[in-house]
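Here's the letter readout for the chains.
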Amino acid sequence: MSQIVAQLRSLQGELPEAQRALAAFILTDPAAAAARTILELSEAAGVSTGSITRLSRTLGLAGYSQLRLALAADQGARDARSTWREDIGAEIGEHDSVEQVAAAVAATVAGVVTRTVEGLDLAAVEVAARRIAGAGRTELFGVGGSATMAAEFQQRLYRIGLPIWSWTDTHVALTGAALLGRGDVALVLSHGGGTREAREVLAEAASRGATTIAVTNDPDSPLAEHAELVLLTCVRATGLRAEAVLARHAQMAVLDVLYVAVAQRGYARTTAAMAATVEAVRPYRSQD
């Protein structure tokens, strides 16, 4: 709670009638009150300007101009705390130690990964792995953080000899999807599942007869509804609230399981490709 608002609440019951009414009016919307001039506040609250000045002095301020500034500063502090909670979370405070931060992050990430893997539809993973392992071509697509995960997955599967591409440009992705056919795969990642671009790329691939796979957090999303196979993440808005960050951890957990399953289904090819790629970069590895 903000300092000036807390002070006003604590004093409210002890104030004279006019100041008490003014305090109640301000507390209903401190930001709106701070935006008013003294005359506007006087008229809106139904009190005299003298009552406004006296309330300001009761709060230890020289006058209404200082009260306005204090209310505005409190609103800014509340906005900052709200943004902090939405992006980082309520469990980590401004003055927490690095040890506390590390423990909170570890617990939250571990929880997200565990819930995601435990909730995976393993039958869908089995089918997805078999289709990707045998695909003539696999196209990956994601936007924002999901694009980063798609690119990581592409690099890993490309290293074991699979024909796989990852796109971030919607037009290029739609072009790639249009070139797919039966025996090909389109895998699209979207945390919320409502991204228009992701849905349209998946729909284009489906119209060409390709296997469509969605990695999303919402089983009822438009993306999930249009996919043949749905691999769900399990990110909840608790603890560390940076949902975009947690979404990437959850997506990577799904992709890790899928990657190993794909690699297993082409074991001879996988091991040969890994050996060849290790040998190719050996001269560039540090000999220290």
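Just above, that's the structure.
Residues numbered from 1 in each chain as written. Predicted model: local features only at pLDDT ≥ 70, side-chain atom pairs only at ≥ 80, totals over all residues. Heavy atoms only, no water.

Colleague: Can you walk me through the sheet that holds strand β5 (residues 229–232) in this structure?
Modeller: Note: strands within a sheet are paired through backbone hydrogen bonds, in either parallel or antiparallel orientation. One open sheet accounts for 5 strands, arranged β2-β1-β3-β4-β5; its pairing is parallel. Unpaired on one side and paired on the other, β2 (164–167) and β5 mark the two borders of the sheet. Mean inter-strand twist for the sheet, computed between neighbouring axes without regard to direction, equals 15°. The sheet contact formed by strand β3 (residues 185–189) and strand β4 (residues 211–216) spans 5 bridges and is parallel. When the sheet's bridge partners are listed, V188 is paired in β4 with A214. Packed onto the sheet, helix α11 (residues 196–207) meets β1 (138–142), β3 and β4 and runs at close to 170° relative to β3. (Pairing = 2+ DSSP bridges. Helix = DSSP H or I, 4+ residues; strand = E, 2+ residues; numbered from the N terminus. Axes fitted to C-alpha atoms, helices over the stretch in contact; angles between N-to-C directions. Contact = heavy atoms within 4.5 Å.)

Colleague: What is the right way to look at the side chain of S190 in this model?
Modeller: Looking at the secondary structure, you find S190 in the loop between β3 and α11. Judged by relative accessible area, which is 4%, S190 ranks as buried. Not counting residues within four places of it along the chain, the set of residues in contact with S190 comprises S146, T195, A198, V215, T216, N217, L223 and Q251. (Buried < 20%, exposed > 50% of the residue type's maximum accessible area, 1.4 Å probe, protein only.)

Colleague: Looking at this structure, how should I read the nonpolar core?
Modeller: A general trend in soluble globular proteins is that nonpolar side chains are found buried together. Core analysis: the biggest nonpolar cluster contains 32 residues, and I132, L157, L187, L231 and L258 have the highest contact counts within it. Of all the secondary structure elements, the ones that give two or more residues to this core are α8 (122–133), α9 (145–159), β3, β4, β5 and α13 (243–264). When sequence neighbours within four positions are dropped, the list of residues in contact with I132 reads T138, L157, L162, V185, L187, I213, L258 and V262. Ranked by size, the runner-up nonpolar core spans 21 residues in total, among them L22, I52, L67 and L71. (Core = buried A, V, L, I, M, F, W, Y, C linked by side-chain atoms within 4.5 Å.)

Colleague: Honestly, the pairing of β1 in this entry has me stumped. Any pointers?
Modeller: Side-chain positions along a regular strand alternate between the two faces of the sheet. Of all 5 residues in β1, 5 are buried, a share of seventy percent or more. Covered by surrounding structure in β1 are T138, L140 and G142 together with E139 and F141, the residues of both alternating faces. Of the strand pairs in this sheet, β1 and β2 are connected by 4 bridges, and their pairing is parallel. Across the sheet, E139 pairs through a bridge with W165, a residue of β2.

Colleague: Is there a simple way to think about helix α10 (residues 170–178) in this case?
Modeller: Residue pairs spaced three or four apart in an α-helix point in one direction, given the helix's 3.6 residues per turn. Within α10 the residues assigned to the buried category are T170, A173, G176 and A177. Viewed along the axis of α10, the buried residues span an arc of 125°, placing them on a single side of the element. On its buried side, α10 packs onto β1, β2 and α11. Capping the start of α10 is the job of one residue whose side-chain oxygen sits 2.9 Å from the backbone nitrogen of H171: D169. (Arc of directions from axis to C-beta. Polar contact = N/O pair within 3.5 Å; in protein donor to acceptor, adjacent residues only side chain to side chain.)

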